[in-house]
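# Understanding the architecture of this molecule
Spelled out from the first residue to the last, the chains are:
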Amino acid sequence: MGTFERRKDRGDGTGQGDQVGRPGRKDQAGQAGQAGRVRRLATPIGILAAVGGAFAYVGSVDPNESGHYPVCPLLKLTGVLCPGCGGLRSAHAFIHGDLGAALGANAIATVGYFLFAAVWGLWLVRAWRGQPLRIGLAPVWWWGVGAVLLIFTVVRNLPFGSALAP
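What counts, and at which threshold
Residues numbered from 1 in each chain as written. Predicted model: local features only at pLDDT ≥ 70, side-chain atom pairs only at ≥ 80, totals over all residues. Heavy atoms only, no water. Axes fitted to C-alpha atoms, helices over the stretch in contact; angles between N-to-C directions. Helix = DSSP H or I, 4+ residues; strand = E, 2+ residues; numbered from the N terminus. Parallel < 35°, antiparallel > 145°, perpendicular 65-115°, else oblique. Left-handed = near helix turned anticlockwise from the far one by under 90°. Contact = heavy atoms within 4.5 Å. Nonpolar A, V, L, I, M, F, W, Y, C, P; charged D, E, K, R; others polar. Buried < 20%, exposed > 50% of the residue type's maximum accessible area, 1.4 Å probe, protein only. Polar contact = N/O pair within 3.5 Å; in protein donor to acceptor, adjacent residues only side chain to side chain. Patch = residues over 30% accessible without salt bridge, like charges linked within 9 Å, V, L, I, M, F, W, Y side chains within 5 Å. Areas by Shrake-Rupley, 256 points an atom, 1.4 Å probe, with all protein chains shown as cover. Salt bridge = Lys/Arg side-chain N within 4 Å of Asp/Glu carboxyl O.

### Thoughts on the packing of helix 3 (residues 87–95) against helix 5 (residues 107–129)
- The interhelical angle for the contact between helix 3 and helix 5, taken along N-to-C directions, is 55 degrees, at an axis separation of 9 Å. The angle between the axes of helix 3 and helix 5 places the two elements in the oblique class. With respect to the hand of their crossing, helix 3 and helix 5 are arranged in right-handed fashion. When helix 3 is examined against helix 5, the residues G87, S90, A91 and F94 are found in contact with a partner set consisting of A109, T110, Y113 and F114.
- When grouped by side-chain class, the residues that make up the contact of helix 3 with helix 5 number 5 nonpolar, 3 polar and no charged.

Laid out in structure tokens, this is it:
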């Protein structure tokens, strides 16, 4: 018998050798696969729980009533609306199912909610399959996002763009 050969019989009369996954016993590879899947799903589910908790808080504490949330520092100091101004009111309206009010408070944030949901769903599916989430965007896309945010900010602060102001 060579040094690298497996024994065919353990000598205990069962006739079972050193095999993984014998009938009647837990498959160790299957257990490791389940533990790995749970570990892979923990992060996307944790992120969803945190975002869900934040949305639940904003949904229960109305940002339209003063005193609950701080005022935007840029708006307070300069009177200029930043791209995030109206985001809490948008989230509050979105949670309560008023999509029109959500878009009116902050259209970019409302689009962001749907984008987050799509990316989170993709992340969850890929984590379930054991694949990493890799979203490789070329620099031109990042510049495009920055340009859209800049244009949104400028237009909502001009008289003709008052429809974009919260």
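Having seen it, we continue.
### Here we look at the side chain of H92
- Assignment of secondary structure puts H92 in helix 3.
- According to the relative accessible area criterion, H92 is buried, its value standing at 12%.
- In this structure the side chain of H92 is engaged in a polar contact, spanning 2.9 Å, whose partner is the backbone oxygen of V58.
- The residues touching H92, leaving out its near neighbours within four places in the chain, are V58, G59, V61, D62, P63 and N64.

### Quick word on a nonpolar patch on the surface
- A cluster of nonpolar side chains, contributed by L115, V119, L122, I135, L137, V140, W141, W142, V145 and L149, occupies part of the molecular surface with about 980 Å² of accessible area.
- Looking at the nonpolar patch, the elements with two or more residues in it are helix 5 and helix 6 (139–156).
- For the nonpolar patch, the leading source of residues is helix 6, giving 5 residues.
- Mapped onto the elements of the fold, I135 is located in the loop between helix 5 and helix 6.
- Residue classification places I135 among the partly exposed residues on the basis of a relative accessible area of 46%.

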